[in-house]
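# Architecture and fold: a report
Spelled out from the first residue to the last, the chains are:
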Amino acid sequence: MRIAAGVDVGSTQTKAVLLQENGGFKIIARALTQTGANVQKAAENAFEECCRAAGIPTSDVGFVVGTGYGRYKITFGNAQMTEISCHARGAQFLCPGTRTVIDMGGQDSKAISVGPSGEVLDFMMNDKCAAGTGRFLANAADVMGLSLDEIGPISLQCKRPVKMATVCTVFVESDILSYLSQGKKAEDILGGVHLAIAKRTVSLARRVAVEPLITMTGGVANNIGMVRALEEVLGQKLQISPDAHYMGAVGAAIFAMEKLGQSFESGIWRDAYATSGGH
Amino acid sequence: MPLVAGIDCGTGFTKAVLLTQNVGTGQITIVSRGKSRSGINVDEAAGAALNDALARTGAARSDVDYIAATGFGRYNLSFRDIAITEITSAARGVFFLNPGPNAVLDVGSQCTRAISVTDQGKVREFKSNDKCAAGSGMFIARAAKYLEVPLESVGELSAKAAHPHPISSVCAVLAESEIINHVSSGVKVEDILRGIHDSLAERAGAMLKRVGMTDGITFIGGVARQSGMVTALEQRLKVKVNVPEECDFVCALGAGILGLRRLASRN
């Protein structure tokens, strides 16, 4: 049995995934750590934690592919791939039929147009502005005195979304404070926040072709409020894998497994994933 | 002689200027200035700034004949007689201090503006950015916080930079991790601060070009107090940068001047 790993060193969090080849491909372990200032250490920690979770020594892992902004700092990696390729490949694996990926991470957001076999046709990236990233949402949650996990569900209760004057992560603080002082409800403010970000992200996505199926990846996919707001603006459903947060690492692990000399067919992966039961 | 207050309800600070005018000669005199921190309540901050200005003169609140409000919070100021946009106020204030056509750069806490002023003191064209913190004073304030430098020292420190270190992130939030990386790799604080000033100067330069820059600009707003920013502008834009004294009171001054005129026409 061959084991390959993908390590996605993101700007905020580092994700690692172990993939096993056993008549198909199966995710056998996942790990998540904060990236922090020491990128190299974060990658090592995530990888080692992942091996511990699978109960195997790190030496059992045949090939490691690194991805994410810190990929070149992974000392133990055998190869590097861009996170664009990894998200596309991972999304095609876990959500077969994916033609568009919307990835919202800690400090950037991307829209990727994906070909039938998971190849990247086109992409657009926003890494110049924190609007549309986890950082924006974390800031908004902070100003509201809520945790990041709470804001999505609360925003779903929104009846009359407020209109945001700006989507700047810095200025949103005074925007939210002024709405709070006007006595606006938390759900209406958060509804407005999610809607403003969704519109911005969809306009980024429209610059590549937005074709179904659309899969959302990255940590922000855990925010149900953002998922629903994006669906509303797009006018269609999003595919959300339970491993959406790990998608870059999953894609990297698939590339790693390929390098190990395996060939496979997408039907087998899908079945294998279904029997692995996700999380 | 009439006593008029111009109050600039900015996003960071509220500034008040008391003015009077000689009825015979038309000569306008600045009586005093006052300042307070803006909070959620505009009336409170404006009252504090006005009282600060009054306290320096011995005049009472009831002696003020007319109040002209300007700035972001002007419509929330309940005791105003008139509300004037900060663009018009800035143009008028600069023209009073420096008669003739002007290219004005106003960098405040949350908004940056480039204004071209005609030889009559009117606004010819302007561009403003209040949608993104990258070009605003808030960018500097946040950077100062990460660098643990008091905001008052930023300007002097930055002016001392020997090897300005460029900041590649455009976003004030994303720049945070970049700044932390620079600090941990041993870049000097003054070189980072100057990199931030350079980045602001770059963005301001683009706005100034769009409104038409002359060979000199007048730089106003709270950020104009930072000498490093002035140096950055002079070096990047290759223009002479003129900073009026009390540069953060120019909008309040301009509003007051327009208030005087309105009051005279009313009487």
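Not measured: the values here are computed from a predicted model.

### A closer look at the overall build of chain B
Helix and strand counts for chain B stand at 8 helices and 10 strands. Against the 2.2 N^0.38 benchmark of 18 Å for 267 residues, chain B shows a C-alpha radius of gyration of 19 Å, consistent with a compact globule. In terms of overall dimensions, chain B has C-alpha extents of about 65 × 35 × 30 Å along its principal axes. Every one of the 267 residues in chain B was classed for burial, and the buried ones make up 49%.

### Here we look at the overall build of chain A
The helix and strand inventory of chain A stands at 9 helices and 10 strands. The C-alpha radius of gyration computed for chain A amounts to 19 Å, which stays within 12% of the reference 19 Å derived for 279 residues, consistent with globular compactness. On the principal axes, the C-alpha backbone points of chain A span a range of 60 × 40 × 30 Å. Every one of the 279 residues in chain A was classed for burial, and the buried ones make up 54%.

### Points about the confidence of the model for chain A
Residues and elements named next belong to chain A. For chain A, per-residue confidence averages 90 on the pLDDT scale, and residues scoring 70 or more make up 94% of the total. By mean pLDDT, helix 9 (residues 266-276) is the weakest element of chain A at 44, and strand 9 (residues 214-217) is the strongest at 97. This stretch, residues 262-279, has a pLDDT under 50; its non-local contacts, to residues over four places away or in other chains, come to 21 contacts.

### Here we look at the nonpolar core
If you look at the biggest cluster of nonpolar residues, it comprises 165 residues, and the most contacted ones within it are A5(A), V7(A), V17(A), A253(A) and I7(B). Sort the elements by how many residues they give to this core and helix 8 (residues 247-259) of chain A lands first, with 9 residues. Setting aside its immediate chain neighbours within four residues, A5(A) contacts A16(A), V17(A), L18(A), F47(A), C50(A), V61(A), V64(A), A253(A) and A256(A).

### Digging into the domain arrangement of chain A
Residues and elements named next belong to chain A. By domain assignment, chain A separates into domain 1 (1-95 + 242-279) and domain 2 (98-240). A C-alpha centroid distance of 26 Å is found between domain 1 and domain 2. With 15 residues of domain 1 at the contact, the number on the domain 2 side is 24 residues. Ranked by residue count, the leading element in the side of domain 1 that touches domain 2 is helix 2 (residues 83-94), at 7 residues. Here the side of domain 1 that touches domain 2 is composed, by residue class, of 6 nonpolar, 8 polar and 1 charged.

### Digging into unusual backbone geometry
Here P212(A) and L213(A) are connected by a cis peptide whose omega angle stands at -5 degrees. On the secondary structure map, L213(A) appears in the loop between helix 6 (186-206) and strand 9. For E246(B), which is not a glycine, the phi torsion comes out positive at approximately 55 degrees. Looking at where E246(B) falls in the secondary structure, it is placed in the loop between strand 10 (240-242) and helix 8 (250-266).

### Section: the sheet that holds strand 8 (residues 123-129) of chain B
Within a sheet, adjacent strands bond to each other through the backbone by hydrogen bonds, running parallel or antiparallel. Residues and elements named next belong to chain B. Strand order in the open sheet formed by 5 strands is 8-7-6-9-10, and the pairing between neighbours is mixed. Each having just a single partner strand, strand 8 and strand 10 make up the two edges of the open sheet. Averaged over all neighbouring strand pairs, the angle between strand axes comes to 20 degrees, with direction disregarded. In the sheet, strand 7 (residues 112-117) pairs with strand 8 via 6 bridges, with the strands oriented antiparallel. By the bridge assignment, I115 is partnered in strand 8 with F126. Contacts between helix 6 (residues 189-211) and the sheet are confined to strand 6 (102-107), strand 7, strand 8 and strand 9 (216-220), with strand 7 contributing the most and set at about 30 degrees to the helix.

### Some thoughts on the domain arrangement of chain B
Residues and elements named next belong to chain B. Here chain B is described as being made up of domain 1 (3-93 + 249-266) and domain 2 (100-243). On a C-alpha basis, the centres of domain 1 and domain 2 stand 26 Å from each other. Contact with domain 1, which involves 10 residues of that partner, is made by 16 residues of domain 2. The element contributing the most residues to the side of domain 1 that touches domain 2 is helix 2 (residues 86-97), with 5 residues.

### Things to note about the packing of helix 3 (residues 134-144) of chain A against helix 5 (residues 172-181) of chain A
Residue and element names in this part refer to chain A. Where helix 3 meets helix 5, the closest approach of the two axes is 10 Å, and the angle between their N-to-C directions is 35 degrees. Regarding helix 3 and helix 5, the two cross each other, and that crossing is right-handed. Residues N139, A140, V143 and M144 of helix 3 pack against V172, E173, I176 and L177 of helix 5.

### Considering the interface of chain B and chain A
Counting residues at the interface gives 16 residues for chain B, matched by 15 residues for chain A. Residue assignment for the side of chain B that touches chain A shows that the elements contributing at least two residues are helix 3 (137-147) and helix 5 (175-184) of chain B. Ranked by residues supplied to the side of chain B that touches chain A, first place goes to helix 5 of chain B with 3 residues. Its residues assigned to classes, the side of chain B that touches chain A comprises 10 nonpolar, 4 polar and 2 charged.

### What about the sheet that holds strand 5 (residues 82-83) of chain B?
Residues and elements named next belong to chain B. An order of 3-2-1-4-5 is seen for the 5 strands of this open sheet, with the pairing classed as mixed. In the strand order of this sheet, the two ends are held by strand 3 (28-37) and strand 5, each with one partner. For strand 1 (residues 3-9) and strand 4 (residues 66-70), the ladder comprises 5 bridges, and the chain directions are parallel. Within the sheet, the bridge partner assigned to A5 lies in strand 4 and is I67. Running over the sheet, helix 8 touches strand 1, strand 2 (13-21), strand 3, strand 4 and strand 5 and is turned about 140 degrees from strand 1.

### Observations regarding the environment of T214(B)
With respect to the helices, strands and loops of the structure, T214(B) is situated in the loop between helix 6 and strand 9. Through-space distance from the C-alpha of T214(B) to that of A103(B) is 6.3 Å; in sequence the pair is 111 residues apart.

### Brief notes about the pairing of strand 7 of chain B
Residues and elements named next belong to chain B. With 6 of 6 residues buried, strand 7 is to be regarded as a mostly interior element. Every second residue of strand 7 is oriented toward a common face, with T112, A114 and S116 on one face and R113, I115 and V117 on the other, all of them buried. Across 6 bridges, the pairing between strand 6 and strand 7 is antiparallel. Across the sheet, residue D106 finds its bridge partner in strand 7, namely R113. Linkage of strand 6 to strand 7, two consecutive antiparallel strands, is achieved through a turn of 4 residues.

### Brief notes about helix 8 of chain B
Across its 17 residues, helix 8 of chain B extends 24 Å between first and last C-alpha, which sits within 8% of the 24 Å expected from 1.5 Å per residue. Among the residues making up helix 8 of chain B, those that are buried are V250(B), C251(B), A252(B), L253(B), G254(B), A255(B), G256(B), I257(B), L258(B), G259(B) and L260(B).

Rules behind the numbers
- Residues numbered from 1 in each chain as written.
- Chains lettered and ligands numbered in written order.
- Predicted model: local features only at pLDDT ≥ 70, side-chain atom pairs only at ≥ 80, totals over all residues.
- Helix = DSSP H or I, 4+ residues; strand = E, 2+ residues; numbered from the N terminus.
- Rg over C-alpha atoms; globule rule 2.2 N^0.38 Å.
- Buried ≥ 20, exposed ≤ 12 C-beta atoms within 10 Å, placed from the backbone.
- pLDDT = per-residue confidence, 0-100.
- Contact = placed C-beta atoms within 7 Å.
- Core = buried A, V, L, I, M, F, W, Y, C linked by C-beta atoms within 7 Å.
- Domains from an automatic or database assignment.
- Nonpolar A, V, L, I, M, F, W, Y, C, P; charged D, E, K, R; others polar.
- Pairing = 2+ DSSP bridges.
- Axes fitted to C-alpha atoms, helices over the stretch in contact; angles between N-to-C directions.
- Left-handed = near helix turned anticlockwise from the far one by under 90°.
- Expected span 1.5 Å × (residues − 1).

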